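Residue strings, one per chain:
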There are 2 protein chains.
Amino acid sequence: MGKFIHGVDIGGTTVKMGLFNENGELIQKWEIPTIKDNGGSQILPDIAGAIKAKNELLGIQMSDVLGVGLGIPGPITSDGRVLKCANLGWGIFSVADEVRKLTGIQKVCIGNDANVAALGEQWRGGGRGFDNIVMVTLGTGVGAGIIIGGKIITGSNGAAGEIGHIPVNTNQTRTCGCGKKGCLEQYTSATGLMSDARLAIENNDRPSKMREYKQLTGKEIFDAFKAGDEVASEVVNKYADYLGRGLAITAQVIDPQAFVLGGGVAKNGEIVAQIVKENYEKYVMFALKDKVFRLAELGNDAGIYGAARMVMIDD
Amino acid sequence: MGKFIHGVDIGGTTVKMGLFNENGELIQKWEIPTIKDNGGSQILPDIAGAIKAKNELLGIQMSDVLGVGLGIPGPITSDGRVLKCANLGWGIFSVADEVRKLTGIQKVCIGNDANVAALGEQWRGGGRGFDNIVMVTLGTGVGAGIIIGGKIITGSNGAAGEIGHIPVNTNQTRTCGCGKKGCLEQYTSATGLMSDARLAIENNDRPSKMREYKQLTGKEIFDAFKAGDEVASEVVNKYADYLGRGLAITAQVIDPQAFVLGGGVAKNGEIVAQIVKENYEKYVMFALKDKVFRLAELGNDAGIYGAARMVMIDD
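Summary of the structure given here. (Residues numbered from 1 in each chain as written. Chains lettered and ligands numbered in written order. Predicted model: local features only at pLDDT ≥ 70, side-chain atom pairs only at ≥ 80, totals over all residues. Heavy atoms only, no water.)

Description of the interface of chain B and chain A
With 35 residues of chain B in contact, the opposing surface of chain A contributes 35 residues. Interface area, chain B with chain A, both sides summed: about 2700 Å², of which 65% is carbon and sulfur. Applying the counting rule to chain B against chain A returns 24 residue pairs in polar contact (both at pLDDT 80 or more). Residue assignment for the side of chain B that touches chain A shows that the elements contributing at least two residues are β9 (142-148), α8 (230-254) and α9 (270-283) of chain B. When residues of the side of chain B that touches chain A are assigned to their parent elements, the largest contribution, six residues, is made by α8 of chain B. Split into classes, the residues belonging to the side of chain B that touches chain A amount to 17 nonpolar, 12 polar and six charged. (Contact = heavy atoms within 4.5 Å. Buried area = accessible area lost by both parts, 1.4 Å probe. Polar contact = N/O pair within 3.5 Å; in protein donor to acceptor, adjacent residues only side chain to side chain. Helix = DSSP H or I, 4+ residues; strand = E, 2+ residues; numbered from the N terminus. Nonpolar A, V, L, I, M, F, W, Y, C, P; charged D, E, K, R; others polar.)

Points about the sheet that holds strand β7 (residues 108-112) of chain B
Residues and elements named next belong to chain B. Taken together, five strands build an open sheet; the order of strands is β3-β2-β1-β4-β7 and the sheet is mixed. Only two strands of the sheet have a single neighbouring strand rather than two, namely β3 (26-33) and β7. Strand after strand, the sheet turns through a mean of 15 degrees between neighbouring axes, direction not considered. In terms of strand pairing, strand β2 (residues 14-21) meets β3 through seven bridges, oriented antiparallel. Counterpart to G18 in the pairing with β3 is K29. Most of the contacts of helix α3 (residues 95-103) go to β7, to which it runs at about 145 degrees, and overall it touches β4 (65-72) and β7. (Pairing = 2+ DSSP bridges. Axes fitted to C-alpha atoms, helices over the stretch in contact; angles between N-to-C directions.)

Observations regarding the packing of helix α7 (residues 218-226) of chain B against α8 of chain B
A pair of packed helices is characterised by two quantities: the angle between their axes and the separation of those axes. Residue and element names in this part refer to chain B. It is at 8 Å that the axes of α7 and α8 come closest, and there the two elements cross at 115 degrees. Between α7 and α8 lies a crossing whose hand is left-handed. Mapping the contact onto sequence places I221, F222, A224 and F225 in α7 and A232, S233, V235 and V236 in α8. For the contact of α7 with α8, the residue count by class is seven nonpolar, one polar and no charged. (Left-handed = near helix turned anticlockwise from the far one by under 90°.)

Considerations on unusual backbone geometry
One non-glycine residue, D255 of chain A, adopts positive backbone phi at about 50 degrees. One can find D255 of chain A in the loop between α8 (230-254) and β11 (258-262). With relative accessibility at 0%, the residue D255 of chain A sits in the buried group. Positioned with a positive phi, N203 of chain B is a non-glycine residue whose angle comes to about 55 degrees. Relative to the assigned elements, N203 of chain B resides in the loop between α6 (190-201) and α7. (Buried < 20%, exposed > 50% of the residue type's maximum accessible area, 1.4 Å probe, protein only.)

Re the environment of G299 of chain A
Structurally, G299 of chain A is set in the loop between β12 (292-295) and α10 (302-313). Here the alpha-carbon distance between G299 of chain A and K267 of chain A, two residues 32 residues apart in the chain, equals 9.7 Å.

Considering helix α2 (residues 43-58) of chain A
Residues and elements named next belong to chain A. Across its 16 residues, α2 extends 23 Å between first and last C-alpha, which sits within 8% of the 22 Å expected from 1.5 Å per residue. Every buried residue of α2 is accounted for by I43, L44, I47, A48, A50, I51, K54 and N55. Down the axis of α2, the smallest arc covering the buried residues is 160 degrees, so these residues share one side. Away from the buried face of α2 by more than 90 degrees, exposed residues E56 and L57 are located. Positive phi shows up at G59, right after α2, with a value of about 70 degrees. (Expected span 1.5 Å × (residues − 1). Arc of directions from axis to C-beta.)

So, the relation of the copies chain B and chain A
A rotation about an axis combined with a shift along that same axis relates the two copies of the chain. For the pair chain B and chain A, the relating rotation is 180 degrees, the translation along its axis is 0.0 Å, and the fit reaches an RMSD of 0.0 Å. Expressed as a symmetry operation, the mapping of one chain copy onto the other fits a two-fold axis. By residue overlap, the copies meet face to face through one surface: 100% of the interface positions of chain B are interface positions in chain A. (Least-squares fit on C-alpha atoms with pLDDT ≥ 70 in both.)

This is how it looks when you write it as structure tokens:
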């Protein structure tokens, strides 16, 4: 009946799980709750239990499982140890060893969840067809997963792709969540976008559709922009200018083939990729102009895809 | 008598050549002139001739040569083609195929000269002991070679490590050599340093040792700085601030273990590494603070070392 791979994406609320065949096709996906009691000590046993139960249900022998990949919301060393994972209550230990012990599966691959999702998008999502991509997540914060030669670039402290904290404005006086001032994330996260939009309509009476909303979200700002609202256009153009500059900076360092945009802000559609690309080209050197900008496609499944992919490409 | 590797570094004036044993020890080094007549068509035959002559002189059989590596002053694709090399008069062709034909040696590895020098420094120079480094060359321009996992990151257009063209000042009105405005190189090249120093003593009569020199070079500026000259200190601190920021940006993208500083400006000694590190730490996020800053050690030999290393690590 062939061979199988389990892809696991551990989040703060639920663990997403996927069973893949040896060709990398997703056969089944499901979720279990993330039980964070007792320092998160139940999380890995629960995952091992879910893997075993699924195998039994489908008549899969443990010897037919090629491996299990796990994406974890924290920094990971190259040998599969977590270096503390506040979200789950975990300290420092080897997740890989623990999963081997609990499941009997020997091939266990671990990665940081953002990097693993980037690998998923490169393999089967917005980045497919490219070996070298930067997957940018535009959510509450801004981060990137960098894939070169089809593999995750982890960085020596697990901090590669922390592009949200690139310093882009030495005159900023507000402090970023990281403690520095003038980080890219302060302008290009969903939070930054909303705060800029609020500032733009406060203390003046310029007409704007954005005034009609009680809770001004990224969607409303982009809807107003698409409808030709002048103030929203200024806000979105400033947003795209900063993001374009941040990605130009990123390209000057690693020269990827494509950028894949995900997270809440990217849900506003192709226009996001388009205006970011336009602004990117203002700031990048000639040899780097011709890059592809795509939207992420796998949504919440990117993590399980990337987790399975780690097992497939592990030497 | 063991096996051998030829490491070749092609420059615009001379070709540097090195013969290494299979343990990577440099046995002999020598130079031949770079003949650029007729579209540089003589360069590779001259190199092939020099390799054969050296082998014959030392009684080395062609079958004892493991391979030849070549560093080339232009962009290189991953399959060993040059994409035009204005310095040598070359158009688009496969250097690797040509060298195979001329020498009969099958394993031929090609890289961009800056990247190859970075590999040399990582292997046997200022970066030894680290798998992940950024080697920054501070000369007429500013460029970097990025080594991750002991291998060169080329980039999809051969433009990885072009950190000299990171946009760092959106208010700059002067145009950089690349056509953009406000590139890192405008502030952190030797040229940028000298031009800032001249500006600092023009149109005012502040006392400064720097006025004593007819031709103000990087060395004189740093000597004045080391001697406590106030104007020179301002100039050097501004220089180090920009460079620290540029390397902080680079670290936010790829998180190396160490930075290795080379080129003319780095010849001013350990103080350069020290002040750049101090300024770097102002701009980088906490997780990335603890990086090593070293000076390059191999000088003009970095290229032949890196060229030989490419052959040793080629799969």
